[in-house]
Amino acid sequence: MMQFKSANESMTTCKNFTRSHKKHQDIVNEEDADENASIKQPTKEELALPKNVQPVWYDVSLSPKVGGNGTMGLAHVKLNIEEPTNKIVLNAKDIEFTRNLEKIQLSKEVTKRAKKSVDSGTNSTSEMPEGSGEEAMATTATTTTTESTTPVSSFVDTGIKVTNIEFDENLEKVTLTLDQELKKGSTVVLKIPFTSKVSNNNGLKEYKYKNSEGKEQSMFTTQPSYSYLRHVFPSFDQEAFKAPAAITLMHSKGSIVVANTGVKTKDDGDAQTSTLNKVLDPDFVIGDLVASEVNTTSGITIRIWTRPEVKHSTEQSLDYANQAIDAMEHILQSRLESKSLDIVAVPGFQTGNRVSPSFIVLPEEDILYNEQSNDINQKTRIARMISNRIAAQWFGGITNPEEFGTFWLNEALPRFLEVEALEKILDINSDDLWTYEMEKILERDATATSQPLRVKNVFSSADIAEIDHEFIGKKGAAVLRMIQKSVGVNVFNKAIRSFVSSYRSAYPYDDGLWKSFEKALGGKLKGWNNEPLDVAKFVNTWVDQIGFPLVSVEKLDDETVELSQERFKNDHKTKEQFKFRNAKYWFNWEVPLFLKSSGPVGNVSWLHEAFRLPLNTSDSIYLNTDSNGVYRVNYEEKRWNDIAKQLEKSHGKLSERTRARLISDVFALANSGALPFETALNVTSYLPMETATVPWLIATRIFKKLTERLEGAPIQDKLNSFIYQKIHKKFEEISSSPGEASSNYLKNRLYANLLDLMAIVKPEKSNEKLNELFVEGFLAPCQFSGNFSSDCSEVPGDLREKVYCNGVEFGNDTVFETVRELAEKEVDGAEKDLLQNSLACFRDPRALRRLILDNLNSTSTVTLLLRKMNSRPVGKEIATNWIIDNWSTVLKKKFKNDPETLNAIADAGIILDNEREKSMIETFMEHHHKSTHGIESLDKKIEEATTDIYWRKQKINELNDYLDGKMKGPAKDDEMESSEEQE
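None of the values given here were measured: they were computed from a predicted structure.

Colleague: Residue-level account of the overall build of the chain, with values.
Modeller: Counting its secondary structure elements, the chain contains 34 helices and 30 strands. Looking at the 983 residues of the chain, the share that counts as buried comes to 57%. Look at the contacts in the chain between residues 6 or more apart in sequence, and 72% of them connect residues 24 or more apart. Put simply, the chain shows about 42700 Å² of open surface, and 46% of that area lies on carbon and sulfur atoms.

Here it is as structure tokens:
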């Protein structure tokens, strides 16, 4: 049994070296003093561990303690000495060591053969299948006693002492100084006791929850973040020093260990000890867990582990996981190496990007489905998350800093395949979904704070934290889809399958993928230079520079048009980061045109440099049809007016995705100042005749953004009236065919957008219905029933978010407390989220501030609350100011060295509507320049505010004239003819 240090033993911590006390001296508060320190980023060479010592294996014992009290541990590390040294340097972060240096020992491993008697009787050790914490049935048998010869290791003290221990917080290193030099070629075993934290968002983390009886319980899990081992135990946590680790876990009786390797559990009376087989990157979850399982047609056993009280809600997830594996095997023509896959649901779990083979941990709310309380949105959420993480089992695993240049593929391939699987699982048209989701990608990528997909010089976990993983994954997947549309589905699938079978483990990672494409194409597809398409060069223009192109079609004369390209930006008020300004290809892309023309234009497929096309005046031309490309298109103003006429006359001649792309592009161009707003609004004139979902999804999203930008402006009522005239007919569909949205995800999203818009432009019409549903469908059956909300609520699942929020917003303190109590005891993760988030709609500022503070321990919960607050009038006034006023609290709580979490909190909580608020954040960042350095979301917020402030100054008068009828709508045929005669 391992011996841990006593609780009151003197400790040294990685974070702050403990020194003797000095007389107190009054200075500026610690945070402000720290803020004035200079910011210096470590170099690759500084971060690297010296190569004179190499680990062979780890044997680590851990005893996690509930209540954030840390994990007591003991590590044995076998070391090969490559060069003479009197120092051992390891990685360690937020780990405490004993100050009694005699407890840290260096030994020699002595192996001898020993006879061992074996008597098979009642076995107190439970064997778990690989990757599982499930206990096998104990068996009882009687056999003859036999003898076997087994190697036994023992350790002999070398006599070498540790004389000093030093920490470098920035480099995340601990250095042990020895009183003697270790000789080259020797082998020693380092024994070192320690205590690691369980409250950070890396390493081993404790997640607290309440069971169905209201009792607080905990789960412990390793976090799926890079460079995580140094947070769990002192280690050589770099790719060049990879070594297997055996983990022994002491945990409470009745709890289960599920891991990415084989597990053996032994009953120790009041507790249990679980031993994990050696594995390179050990991952595990400890908790009160039970499993549901299913076998795929290819023989893979899928187990979904949850707490017992929600096991009944995993049926949908098991089905989707089964279908996702079948879909991946069909698309990739490849099977997972393991015959089992364990998926563990942890309440409030914060997802990451590291992939553990045959082992997936997900937030409980992304796993559970309740037929009574959930809707198509929850089904889609479950299917997407499970499909993404299962796809990552094929493509994940980049952990080498040398490969972080290809990190985007690690994110993009699972994201792309997630959408492909979604079409098979829920029958969601992938092209329609991409057309809708392309909006956020293009909006983000048109900013100065955007990032290239391929980020070079990434060496540390801090560098990784600065990467916008969500954006990189989505844009990367959109680029892969553009490649698919350029080369064809068959060629694309053939290339991906070749990559999986031949190049997946090759280095460099992306080089193998492009070789697979060249092999699949066989030189048949020509590029812009009429030579066989070089896929690598084509893709490089999209991944090595920020942004995307605006392709312009300019009519030179009656028979010729010119196509050209430039980078599209929302505005030019904010400069890019210096390292991204001089783009590698000078903002020039190899652009697949996806061209459609009513006249002969020749065999034109690509744009590299500006070129001319023959096109008669009577002919039309459209680029990026069906929204296949990751770019925008601009036509001359007259051509846009012709498009508006065409849509009014016969919009069905263009595909719905092409119509959606036209609406999106014309408003983006008007917002950027490239076109008059009159032109964009004219294109929407046909909307009351539109019946397709995708164009309406784009239009309602644009209308909502307009209402947000003009909130409180003198023309707000006029704009609301204009939008109401456009949407009221479509809005009536919600009442006439409500069931249609219950099984159609995109239609459900459209109805949600329409409800949001109607709540803005005609609030009385919306609020009356929502309040009626809240009182009759929620309060009446649930308030005094004592039941869980997921069981008693009669509000339709697809309306619960809006109904709950509206009910709390216009309710009193009693309503707020009722919802809070129901949220606290709710066991269904999705329903709990809805109830918890609705509290952010309350109109009492004191209650909202208390709500943020009470939930600051959970990153996922607090970010959702802040985002919801910023969607409501009162909450918007609270969230930003709370973050500014309580930044010290946020840092001291646990996030000071966690830029990823600070990014999430700032992104969710800060909204800047005017010059005063923008100036306030700029002053805040200047005062806290060290702790806000690298928090990219703050720069994004300032750029967004700059854009919105400038936009309002430029556009309000123009919009006012249009809404007053001082500008014409799209010209009719006779008007156009008259105009041409006058010319």
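Colleague: I'd like a description of the pairing of strand β18 (residues 284-287), backed by residues and values.
Modeller: Alternating residues of β18 divide into Phe284 and Ile286 and Val285 and Gly287, and every residue in both groups is buried. For strand β13 (residues 216-222) and β18, the ladder comprises two bridges, and the chain directions are antiparallel. By the bridge assignment for β18, Thr221 is matched with Val285. Examined bridge by bridge, strand β15 (residues 256-259) and β18 share four bridges and lie antiparallel to one another. Within β18, the position partnered with Ile256 by the bridge is Gly287.

Colleague: Talk me through the sheet that holds strand β28 (residues 611-614); I want residue IDs and the actual numbers.
Modeller: Strands belonging to one sheet form pairs held by backbone hydrogen bonds; the direction of such a pair is parallel or antiparallel. With mixed pairing, the four strands of this open sheet are ordered in space as β28-β24-β23-β30. Strand pairing shows two members of the sheet lacking a second neighbour, β28 and β30 (632-635), which therefore form its edges. Direction aside, neighbouring strands of the sheet carry axes that sit 25° apart on average. Strands β23 (549-557) and β30 of the sheet are contacted by helix α15 (residues 656-672), whose axis makes an angle of about 75° with β30.

Colleague: Quick rundown of the pairing of β23? Include the residues and the values.
Modeller: In this sheet, strand β24 (residues 560-567) lies alongside β23 in antiparallel orientation, the contact comprising eight bridges. Pairing of Pro549 across the sheet is with Arg567, part of β24. Counted between consecutive antiparallel strands, the loop separating β23 from β24 contains two residues. Relative to β30, β23 runs parallel, the two sharing four bridges.

Colleague: Outline the packing of helix α20 (residues 745-761) against helix α21 (residues 763-782), listing residues and values.
Modeller: Packing of α20 against α21 leaves a shortest axis separation of 5 Å and a crossing angle of 120°. In terms of orientation, α20 and α21 fall into the oblique class. Here Leu755, Met758, Ala759, Ile760 and Val761 of α20 lie close against α21, whose contacting residues are Pro763, Lys765 and Ser766. For the contact of α20 with α21, the residue count by class is six nonpolar, one polar and one charged.

Colleague: How would you sum up the sheet that holds strand β10 (residues 173-182)? Please name residues and give values.
Modeller: The three strands are arranged β4-β10-β9 in an open sheet whose pairing can be described as antiparallel. Each end of this open sheet is capped by a strand with a single partner; those strands are β4 (85-91) and β9 (162-168). When the angles between neighbouring strand axes are averaged without regard to direction, this sheet yields 20°. Relative to β10, β9 runs antiparallel, the two sharing six bridges. When the sheet's bridge partners are listed, Asn164 is paired in β10 with Thr177.

Colleague: I'd like a description of the pattern of salt bridges, backed by residues and values.
Modeller: The full count for this structure, using the stated rule, is 56 salt bridges. The salt bridge involving Asp431 is made with Arg481; its shortest N-O contact spans 3.1 Å. Taken together, the residues span a long stretch of sequence, with Asp431 in helix α7 (residues 430-445) and Arg481 in helix α9 (residues 469-487) at a distance of 50 residues. Classification of Asp431 by relative accessible area gives buried; the value is 16%. Linking Lys704 and Asp756 is a salt bridge whose minimum nitrogen-to-oxygen distance equals 3.2 Å. Linking Lys704 in helix α17 (residues 693-709) with Asp756 in helix α20, this pair joins segments that are 52 residues apart in sequence. You can call Lys704 partly exposed: its relative accessible area is 28%.

Colleague: Can you tell me about the layout of surface pockets, naming the residues and giving the values?
Modeller: In this model, the second largest pocket occupies a volume close to 1200 Å³. Lining the second largest pocket are 41 residues, and of these Lys208, Asp854, Asn855, Ser858 and Thr861 sit closest to its centre. Counting only elements with at least two residues in the lining of the second largest pocket, the list comes to β12 (204-210), α24 (813-825), α25 (829-838), α26 (845-854), α27 (859-869) and α29 (887-895). Across the lining of the second largest pocket, the residue classes tally to 10 nonpolar, 13 polar and 18 charged.

Colleague: Give me the lowdown on the state of the cysteines, citing residues and values where you can.
Modeller: The final tally for this structure, using the stated rule, is two disulfides. The side chain of Cys782 participates in a disulfide bridge whose partner is Cys792; the two sulfur atoms lie 2.1 Å from each other. Taking the torsion about the sulfur-sulfur bond, which here is approximately 120°, the covalent link between Cys782 and Cys792 counts as right-handed. Highlighted residues: Cys782 in helix α21 and Cys792 in helix α22 (residues 789-792), separated in sequence by 10 residues. Summarising the burial analysis for this pair, Cys782 and Cys792 share the class buried. Here the bonded cysteines of the chain are numbered in sequence order, and their pairing is 1-2, 3-4.

Calculation notes
Residues numbered from 1 in each chain as written. Predicted model: local features only at pLDDT ≥ 70, side-chain atom pairs only at ≥ 80, totals over all residues. Heavy atoms only, no water. Helix = DSSP H or I, 4+ residues; strand = E, 2+ residues; numbered from the N terminus. Buried < 20%, exposed > 50% of the residue type's maximum accessible area, 1.4 Å probe, protein only. Contact = heavy atoms within 4.5 Å. Areas by Shrake-Rupley, 256 points an atom, 1.4 Å probe, with all protein chains shown as cover. Pairing = 2+ DSSP bridges. Axes fitted to C-alpha atoms, helices over the stretch in contact; angles between N-to-C directions. Parallel < 35°, antiparallel > 145°, perpendicular 65-115°, else oblique. Nonpolar A, V, L, I, M, F, W, Y, C, P; charged D, E, K, R; others polar. Salt bridge = Lys/Arg side-chain N within 4 Å of Asp/Glu carboxyl O. 1 Å grid on protein atoms, 1.4 Å probe; cavity = no way out; pocket = protein on both sides within 12 Å on 5 of 7 lines; lining within 4 Å. Points joined across faces, edges and corners; volume = space filled by probe spheres on them. Disulfide = S-S within 2.5 Å.

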